[in-house]
Amino acid sequence: MSGGPRDRLRIDVARARAAMAGRDGSPWRGLEEIAGTPEFEEFLHREFPHNASEWLDPAGRRDFLRLMAASLALAGFGACTRQPAETIVPYVQPPEEIVPGKPLYFATAMTMAGYSTGLLVESHMGRPTKVEGNPGHPASLGATDHFAQASVLTLYDPDRSQVVTHRGAISTWNGFLGALAADMQLRAASRGAGLRILTEQVGSPTLASLLRQVTALLPEARWHQYEPFAHETETRAARTAFGAPLHTWYRPQAAGVILSLDADLIGCGPGSLRYAREIASRRRAEAAGAGMSRLYVVESGMSVTGSVADHRLALAPSEIERFARALAAALGVIGPGDAPGLAPAHEAWLRPLAADLQRARGSSLVAAGPRQPAAVHVLTHAINERLGNVGATVIRTDPVLPDPDGGLPSLQTLVQDMDAGKVDTLIVIGGNPAYTAPAGLGFAASLSKVKLSIRLGLYDDETSALCGWHLPEAHFLEAWGDGRAFDGTAGIQQPLIAPLYSGRSAMELISAVLGRPGVTGHALVREQWRRARPEEPEASWRRWLHDGVIDGTRPPPRDAQVRAEALAGVAAAGPGPAPPQGDLEVVFLPDHGAWDGAFSNNGWLQELPRPITKLTWDNAALIAPATAERLGLASEDLAELTLDGRAVRVPVWIVPGMAPGAVELTLGYGRRRAGRIGTGPGYDACAVLPGSTARAYPGAALRGTRERYPLACTQTHHSMEGRGLVRWAPLSRYAEQPDFAHHQEHGGPGPELSMYREWKYDGYAWGMAIDLGACHGCNACVTACQSENNIPVVGKEQVMLGREMHWIRVDRYFEGSIDDPMVHHQPLPCMHCEHAPCEVVCPVAATTHSDEGLNQMVYNRCVGTRYCSNNCPYKVRRFNFLLYSDWTTPSLKMLRNPDVTVRSRGVMEKCTYCVQRINAARIDAKNEDRRIRDGEVTPACAQACPAQAIVFGDLNDPGSRVRRLKEMPLEYGLLDEINTRPRTTYLARVTNPHPEMPPPAAPEAGGHGEP
């Protein structure tokens, strides 16, 4: 594939390196900006990369003026496009508990990779429209990630499976239940011989209990679990270390020094929302001082956690185990002779780290990631014991999941049984093993040998295509269930809506296998917890439903110690052999949007920029600049990657900060059967995934094909010309000069000089403060805003033209060398300027200033001149060039927030500070004859943020948190030199580097935050 709007943006790493020598140390967006080619500058400065020159000739200008005059003449008749007619139907007998316009909230839970996260879901007139975090749930604490926010779009996805099919023909549930009953009679006669059930990692106590009932009733039957990114390595390592499958979770808030060994603590994982909250609480600007924690990260690729670390060391995957062994030896966990030697630079990095961990005994934390081998996990357990962290920052309990065994070994056993003809009936629940199973395993070929194959899934996908029966699965917002959080706390999953397509849940299907096809999910869950808590009255059940948490279910800590023989075995084994010089090592990861393919058909997640690469709608092979130089590759080159005798063609994307020799591949793309959106984009990494339990594989080769593959990256859009956007300083500088963020010479006219009118606010004065020290760029705020405000997706081609519609974006900046840069994240909503440049240029007064300080958009006035966007220095206004909103699909009409207008073609839109939420709180306050309380209005972005980096409130309230933050010396306004006086301001980032750590190959500490 070649061609595309970004062909001319091909960058050369050598040219970027040479350009770095002449830079002043200011942050940069990407290698394209460093290289600074004329083609890139043209792309950056022109809104239309193609066909824009038509406006430069006199005839084109006359056409433009004629069209503009016609637009203004028609301004009174609405905007540029007539909106479709809609029919309204009144209630004849309205339900008593529903008040039109007043949403209801219900507690439920969403499960991923076996662990659940508590949610509060907003319901309008019986239809769920928005997901929030449950403040009372230990895994969310009121926050959400982008997957939870986008789950409502999956609920209403018109491509979801809607009917039962048998060998490709439409059938019925009754027809399937009859076939199942007949087969179960045969299985019962043979005590279950030939019956296999394959699930994802099961975290539901009720579903696990039902599956155990099947294996108890039919002892020859077998239950297998497989999920590509289940935490199976930790379970195996725990068995090795403790002799039992103990579970480990962390308390980062109690840790003054944290070391991550390839553990993306705040980026993904069962406890990532809580870990992000706790780590940020010790590192935010408000708490900067003696109690500020220090974060070290050792990893191969640039993760979300690594991007906010005080110190980060990029090592090839095979080198991380060697580093862990050297650290264990430095701390006295193993003998010096059991640790390999490190490179001098790595040894210099290790010494101050080990000393820092020793000084923080009892208040430090060392975590190993799921991709690391069992030896690293055993060493990590022993290091935490030696440092006295167990019981303080590291908690060990009995297993949280009902049955923690499974993973690839379980799937391998199933494939062997299918090949041997031992499987007559296979029931596949969830997942998509025909796509996610390693190519070398041959799952799809083995499945064809099964006589009766049954699949329950949300989509009629690759696995369903190979099964005799396909059954539509109920979405978690349509089904009863239960689950456990990362710390073991149980909660109830209750539905918000009846199944849209007559789907069934996994537990209802297994109940049918047990001969109870008519039992509802509600009855099964209720029955399970009556058995588990027989002493609880009925009122307790209602409380659990209301709170979303079952109290007293978290397992108590276990006082387990690493076995001496286990540690001795790891020490004696030594690290594996180092790969040959120049060999590539491949790491397989879940995609930040598509995960393992479960969200491939979700447009919100497809268009969500990835935190580090800012890619959308595709995946790519991520490599380091040094690797690109050695192989003669550039971003968007189409290359062939070979591993273990298999090959896949994949576009390349260069990521500063990656370890040389490492290649990161993400799953979830290259789908062959995933709905209209998910089928086609990207490449299938599973095609080269070897059939072993390792997560990093040496021996790969990457070769260019002389072809190009254009990728949609948002980071190069809306340049701000290298001004002082992100400001930061180390803790030592902050202690000497707390107001360092204001000591930058920008030259502006000064706040006292202005041609704009001055506004006076006698009532409310809304404002926002964003803490750059807390933001880690997860993009949950972007998806939350999209869900709350009915923001459409535009597709890959429009993103490549710079036309993405997100009302808030998170800019990512690098600072320092291209091999070892520092990373900054900066959310950018509308600034709601006091002196708003957009307001004075609108010819129809579509953008106005409210008496509470909001910069408002009146959509039905807008005629699409885009003068406001051209005059906005922050580039935060979005224009509907085309009819992006779907007006016709019935199910998507149920998705939308009724309190927010759905915009049509030709209309400008932007962040409103979620004015609909302000107005709802105003009505409640007025009815109670009071002012709106601080915290009563929380915009969608702030409510979703796991790190609480975004704070909103009334600036006229002297006790409000936003007022206190704006009075801090770290507060500054973006582009304050042009005197727009934004209501959205920032708190400069404060880092906590170790004074003895060798400096990276980057500008002096402080960078753009120093005067």
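Just so it is clear, the structure is predicted and the values come from calculations on it, not from any experiment.

Calculation notes
Residues numbered from 1 in each chain as written. Predicted model: local features only at pLDDT ≥ 70, side-chain atom pairs only at ≥ 80, totals over all residues. Heavy atoms only, no water. Core = buried A, V, L, I, M, F, W, Y, C linked by side-chain atoms within 4.5 Å. Buried < 20%, exposed > 50% of the residue type's maximum accessible area, 1.4 Å probe, protein only. Helix = DSSP H or I, 4+ residues; strand = E, 2+ residues; numbered from the N terminus. Contact = heavy atoms within 4.5 Å. Pairing = 2+ DSSP bridges. Salt bridge = Lys/Arg side-chain N within 4 Å of Asp/Glu carboxyl O. Polar contact = N/O pair within 3.5 Å; in protein donor to acceptor, adjacent residues only side chain to side chain. Phe/Tyr/Trp six-rings, centres within 6.5 Å; stacked < 30°, edge-to-face > 60°. Lys NZ or Arg CZ within 6 Å of the ring centre and 35° of its normal.

**Thoughts on the nonpolar core**
- Of all hydrophobic cores here, the largest spans 133 residues; its most connected members are F588, L641, L665, L702 and W766.
- Broken down by element, this core gets its largest block of residues, six residues, from helix 5 (residues 146-155).
- Not counting the four nearest positions on each side in its chain, L665 is found in contact with V586, V587, F588, L589, A621, L641, Y683, A685 and V688.
- Core analysis: the second largest hydrophobic core is formed by 44 residues, F242, A328, A339 and L387 among them.

**Concerning the sheet that holds strand 7 (residues 222-225)**
- In space, the seven strands of this open sheet follow the order 5-4-16-15-14-6-7, with mixed pairing throughout. Of all the strands in the sheet, just strand 5 (169-170) and strand 7 have a single pairing partner and so form its edges.
- Note: strand 4 (residues 165-166) against strand 5, two bridges, orientation antiparallel. Note on strand 5: the bridge partner recorded for T165 is I170.

**Digging into the environment of Q185**
- Relative to the helices and strands, Q185 resides in helix 6 (residues 173-189).
- Taking the relative accessible area as the measure of exposure, Q185 reaches 60% and is therefore exposed.
- With 330 residues separating them along the chain, Q185 and G515 place their C-alpha atoms 9.8 Å apart.

**Topic: the pattern of salt bridges**
- Applying the stated criterion across every chain, the model contains 50 salt bridges.
- A salt bridge links D417 to R196; its shortest N-O distance comes to 3.4 Å. Linking D417 in helix 14 (residues 408-419) with R196 in strand 6 (residues 195-199), this pair joins segments that are 221 residues apart in sequence.
- What makes D417 buried here is its relative accessible area of 13%.
- Put simply, K130, E132, E788 and R917 are held in one network by salt bridges that share partners.

**Regarding the side chain of H470**
- Mapped onto the elements, H470 comes out in strand 16 (residues 469-472).
- In terms of polar contacts, H470 uses its side chain to reach the side chain of S161, at 2.6 Å.
- Once residues within four sequence positions are removed from consideration, H470 is found in contact with S161, V163, V164, T165, R455, G457, Y459, D460 and S464.

**Quick notes on the sheet that holds strand 28 (residues 766-771)**
- Reading across the sheet, the four strands line up as 35-28-37-36 and stay open at both edges, with mixed pairing between neighbours. Edge strands, defined here as strands with exactly one partner in the open sheet, are strand 35 (950-954) and strand 36 (971-972).
- Of the strand pairs in this sheet, strand 28 and strand 35 are connected by five bridges, and their pairing is antiparallel. Bridge assignment links I770 to a residue of strand 35, and that residue is I950.

**Structural notes on the pairing of strand 15 (residues 452-457)**
- Across the six residues of strand 15, six count as buried, placing the element largely inside the fold.
- The two faces of strand 15 match: L452, I454 and L456 on one face and S453, R455 and G457 on the other face are all buried.
- Sheet topology places strand 14 (residues 425-429) next to strand 15; five bridges connect them, and they run parallel. Note on strand 15: the bridge partner recorded for I429 is L456.
- Two elements, strand 15 and strand 16, share four bridges in a ladder whose sense is parallel. For R455, the partnering residue across the bridge sits in strand 16 and is H470.

**Looking at the packing of aromatic side chains**
- Counting across every chain of the model gives 18 aromatic pairs.
- Seen in terms of ring centroids, F323 and W349 are 6.0 Å apart; in terms of plane orientation they differ by 65 degrees. Their pairing is edge-to-face. Of this pair, F323 sits in helix 11 (residues 317-330) while W349 sits in helix 12 (residues 344-359), placing them 26 residues apart in sequence.
- Owing to a relative accessible area of 0%, F323 belongs among the buried residues under this scheme.
- Judged by its relative accessible area of 7%, W349 is buried.
- Relative to F881, the ring of F879 has its centre 4.9 Å away and its plane inclined at 90 degrees; by these criteria the two rings are edge-to-face.
- Judged by relative accessible area, which is 14%, F881 ranks as buried.
- An aromatic cluster is defined as three or more aromatic residues linked by ring pairs; in this entry it consists of F147, F229, W595 and F599.
- Sitting above the plane of the Y435 ring, R671 keeps its charged end 5.0 Å from the centroid.

Worth remembering: the numbers are spatial, not functional.
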